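# Understanding the architecture of this molecule
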Amino acid sequence: MNSRLLANTMRVLALQMVTRAKASHIGSALSIIDLVAVLYADVLSVDPGNPQWSERDRFILSKGHACVALYAALAAQGFFPLPELEEYGRDFSDLMNHISHKVSGVEFSTGSLGHGLPFAVGKALAGKRGGKGWRVCVLVSDGEMDEGSNWEALLFAAHHRLDNLLLLIDYNKLQSLTTVAETLALEPLAEKLRAFGWAVTEVDGHDHEAVRSACKGFPWQVGKPSVLLAHTVKGKGVSFMENQVVWHYRNPSEEQLAQALEELAQAREAG
Amino acid sequence: MRRAFIEELLSLASEEERIALMVGDLGYSVVEPFAERFPERFINAGVAEQNMMGMAAGMASEGYRVFVYSIANFPTFRCAEQIRNDVAYHRLPVTVVAVGAGLAYGNLGYSHHAVQDYGLLRLLPNMLLAAPGDPLEVRACLRYLIAHPQPAYLRIGKVGEPSLHAEVPEVRPGEWLPVLQRGGNKVLLSTGATLPLARQWLEQPAFADYDLYSLPLWGMEHKQQQAEQVARFAQVVTVEDHLADGGFASWMREALAEQPELMLRHRGRSLSARVCGVVGSQSTLNAYGGLRADGASTEEGV
């Protein structure tokens, strides 16, 4: 499945999961689906038949509230059967409403922000010191960059020249209550990241070719960790959810789900 | 205890190449031998405890047995959520090592007083508490943790603590370790750095007919063995240099909660919260908090 088709499928699955479970965070999931789709279709070296394959690339979803994006990608790629997605959000389900390592293909449970990058840095350090060929990718949200632990990790990764590490920042400019700019302004973010010693590339986070080209080519500078500053749209792919902070928490009605699926069907036909 | 810790870790690391030591820019004059001998397995994470603990979890997830070393509350309260979520929940073999247990850094002030750590760490499922009472128990706990990799908290003192065992004892979680048996039916049961103090109490008339045991390994999962051990004695007095709230005595009471006749045999000697915010030497503050050298109870003590 190419990344475009995978992303469209993931959006459908994510919307169905969130609607069925009356869950939150669909806007956050739609924001990262193109990034995750490109990673799983074209970048990460993983084996759905052997999720613990020792030489696999490691992917950490630090914004664990956007879990339906990853659950959908893993099911669509064959890590577990698609019907298991119906368990999402049910009592005692392993498919928890924040990403869970109890699900096949998931490396790490998150939910509290600011945990994924330090964990990924630890993995990257282990990989470096062990002379391993695999790489580590970690996806964080922009609001999550408020967390001090992330800036601690940025310092460490640069100091230790962890160029086997790729950080993707989902820069959709909306947080839980309002915009990033009105919450804790991050700008100039790219300059800050460069000043911390990282190689920075900015892309349209919904441009598959740009994301693919950047991610496949990392490290962009030997001896530096890489950060992809991905400019995204929260709620991307569903017209009435795009750039609306309300879809951080609101769950869709059946009518809204039908409308969203219709839009996605049209997008799929249009290619 | 610090010396025993680093010597034993060096010895174990020469056999087990997955052992790594991570420090939070602390450990001057303690950790250098490890850093020099195993530079590829030594990491100074800088003054950044949240990242340090998350990284330790990440390294442990790739097969390392990581020991994270810092002082007092820095590797515990400062990064409590990383221990809870990243280490304990994922059942990763990270040992959080805090030096300066209890009031060992008494003169350094409240920031350096580790008198609430049991309460924090024993609240975490999968977490084993290791609170050795002397340098030989430090070695015993380390050997146990390497043989049984799991999330753990190792609480050690500073320097100069006496050895109370003749050799490195064998320790198991939840099992009381005899230190001095005099055949009586009363017992002082100490955990952590209060063991030498409890040993002194045996010389006092009030405790003349007591035996002394240590419990260096305990935690949420090891309450079920306590009732049968308490039942062997008419009186059990637990001793800890930790606040009464949420500590070792509280844990024991919870373990005995369904057997009131056993609960009545238990008394706890812990620190009063009056020590919080006061500075002094370890012995001065212990006495001020209710753990006097002569074993006498004070009004303020609990």
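Residues numbered from 1 in each chain as written. Chains lettered and ligands numbered in written order. Predicted model: local features only at pLDDT ≥ 70, side-chain atom pairs only at ≥ 80, totals over all residues. Heavy atoms only, no water.

## A closer look at the packing of helix α5 (residues 148–159) of chain A against helix α3 (residues 49–60) of chain B
Relative to each other, α5(A) and α3(B) sit at 70 degrees, their axes nearing to 8 Å. Judged by the angle between their axes, α5(A) and α3(B) are roughly perpendicular. Two secondary-structure elements touch here, α5(A) through A:S149, A:E152, A:A153 and A:F156 and α3(B) through B:E49, B:Q50, B:N51 and B:M55. Class assignment for the residues of the contact of α5(A) with α3(B) results in three nonpolar, three polar and two charged. (Axes fitted to C-alpha atoms, helices over the stretch in contact; angles between N-to-C directions. Helix = DSSP H or I, 4+ residues; strand = E, 2+ residues; numbered from the N terminus. Parallel < 35°, antiparallel > 145°, perpendicular 65-115°, else oblique. Contact = heavy atoms within 4.5 Å. Nonpolar A, V, L, I, M, F, W, Y, C, P; charged D, E, K, R; others polar.)

## Some remarks on the interface of chain A and chain B
Of the residues lining the interface, 23 residues belong to chain A; the matching set on chain B comes to 26 residues. In total, chain A and chain B occlude about 2,000 Å² of area from one another, counting both sides; carbon and sulfur atoms represent 56% of this. In terms of surface lost to chain B, no three residues of chain A exceed A:H115, A:R129 and A:E152, which account for 31% of the buried area on that side. Across the chain A-chain B interface, the total number found is two salt bridges. At the boundary of chain A with chain B, the tally comes to 13 residue pairs in polar contact (both at pLDDT 80 or more). Elements supplying a minimum of two residues to the side of chain A that touches chain B: α4 (116–129) and α5 of chain A. Of the residues forming the side of chain A that touches chain B, the biggest block, eight residues, is contributed by α4(A). Residues belonging to the side of chain A that touches chain B are distributed by class as follows: 10 nonpolar, eight polar and five charged. (Buried area = accessible area lost by both parts, 1.4 Å probe. Salt bridge = Lys/Arg side-chain N within 4 Å of Asp/Glu carboxyl O. Polar contact = N/O pair within 3.5 Å; in protein donor to acceptor, adjacent residues only side chain to side chain.)

## A few points about the pairing of strand β9 (residues 210–214) of chain B
Residues and elements named next belong to chain B. When you tally the buried positions in β9, you get five out of five residues, the bulk of the element. Covered by surrounding structure in β9 are Y210, L212 and S214 together with D211 and Y213, the residues of both alternating faces. Two strands pair when backbone bridges link them, and strand β7 (residues 177–180) and β9 are joined in this way by three bridges, in the antiparallel orientation. Within β9, the residue paired with L177 across the bridge is S214. Examined bridge by bridge, strand β8 (residues 186–190) and β9 share five bridges and lie parallel to one another. Bridge pairing links L189 to Y213 in β9. (Buried < 20%, exposed > 50% of the residue type's maximum accessible area, 1.4 Å probe, protein only. Pairing = 2+ DSSP bridges.)

## With respect to the domain arrangement of chain B
Note: interface size is frequently given as the accessible area lost on complex formation between the parts. Residue and element names in this part refer to chain B. Segmentation of chain B into domains returns domain 1 (2–156) and domain 2 (177–288). Between domain 1 and domain 2, the C-alpha centre-to-centre distance is 24 Å. At the interface, 32 residues of domain 1 touch 37 residues of domain 2. Together, the buried faces of domain 1 and domain 2 total about 2,400 Å²; carbon and sulfur atoms form 60% of this surface. Contact with domain 2 buries surface across domain 1, with L103, Y118 and R122 losing the most and accounting together for 29% of the total. On the surface where domain 1 and domain 2 come into contact, there are two salt bridges. The residue R122 makes a salt bridge to E254 at a minimum N-O spacing of 2.9 Å. The interface formed by domain 1 and domain 2 includes 18 residue pairs in polar contact (both at pLDDT 80 or more). (Domains from an automatic or database assignment.)

## Describing the pairing of strand β11 (residues 235–243) of chain B
All names here are of chain B. Summarising burial for β11: eight of the nine residues are buried, a large majority. With five bridges joining them, β8 and β11 adopt parallel strand pairing. Looking at the pairing, S190 lines up with V239 of β11.

## What about the pattern of salt bridges?
Enumeration according to the criterion identifies 23 salt bridges over all chains in this entry. Its salt-bridge partner being A:E107, residue A:R56 comes within 2.7 Å of it at the nearest N-O pair. Taken together, the positions of A:R56 in the loop between α2 (26–43) and β1 (58–61) and A:E107 in the loop between α3 (67–76) and α4 put the pair 51 residues apart, joining distant regions of the chain. A:E107 carries the same exposure label as A:R56, and that label is buried. Each member of the salt-bridge network shares a partner with another, and the members are A:R56, A:R58, A:E107, A:K123 and B:E62.

## Quick word on the nonpolar core
Membership of the largest hydrophobic core comes to 79 residues, with the highest contact counts inside it found for A:L165 and B:W176. Viewed by domain, this core spans two of them, domain 1 (2–156) and domain 2 (177–288) of chain B, each represented by three or more residues. Among all residues touching B:W176, those that are not within four sequence positions of it are B:V187, B:L189, B:Y213, B:S214, B:L215, B:Q226, B:Q229, B:V230, B:F233, B:V236 and B:M252. (Core = buried A, V, L, I, M, F, W, Y, C linked by side-chain atoms within 4.5 Å.)

## Topic: unusual backbone geometry
All names here are of chain A. Between E187 and the following residue, P188, the backbone shows a cis peptide bond with an omega angle of 0 degrees. Note on placement: P188 falls in the loop between α6 (180–183) and α7 (189–195). With an omega dihedral of 5 degrees, the bond running from F218 to P219 counts as a cis peptide bond. Along the chain, P219 falls in the loop between α8 (208–216) and β5 (226–231). A positive phi angle, near 70 degrees, is found at K173, a position not held by glycine. Tracing the chain through its elements places K173 in the loop between β3 (165–171) and α6.

## Points about the environment of B:A234
Residue and element names in this part refer to chain B. The residue A234 is located in the loop between α8 (226–230) and β11 in this model. Relative accessible area serves as the criterion here: at 39%, A234 is assigned to the partly exposed category. Taking C-alpha positions, A234 is 29 Å from P162, a pair spaced 72 residues apart along the chain. Once residues lying within four places of it in the same chain are set aside, the contact partners of A234 are N185 and R265.

## Concerning the side chain of B:Q82
By secondary structure assignment, the location of B:Q82 is in helix α4 (residues 80–88). The residues touching B:Q82, leaving out its near neighbours within four places in the chain, are A:H115, A:S149, B:Q50, B:M53, B:G54 and B:V87.

## A closer look at helix α9 (residues 248–255) of chain B
All names here are of chain B. In terms of burial, α9 is a largely internal element, six of the eight residues being buried. Listing the buried residues of α9 in full gives F248, A249, S250, W251, M252 and A255. In this structure, the buried residues of α9 make contact with α5 (117–121), β8, β10 (217–218), α8, β11 and β12 (266–271).

## Let's talk about the environment of A:A120
Residue and element names in this part refer to chain A. With respect to the secondary-structure elements, A120 resides in helix α4. Judged by its relative accessible area of 0%, A120 falls in the buried class. Counting along the chain gives 61 residues from A120 to F59, while the straight-line C-alpha distance between them is 8.3 Å. Those residues in contact with A120, other than ones at most four positions away along the chain, are I60, V136, V138 and L165.

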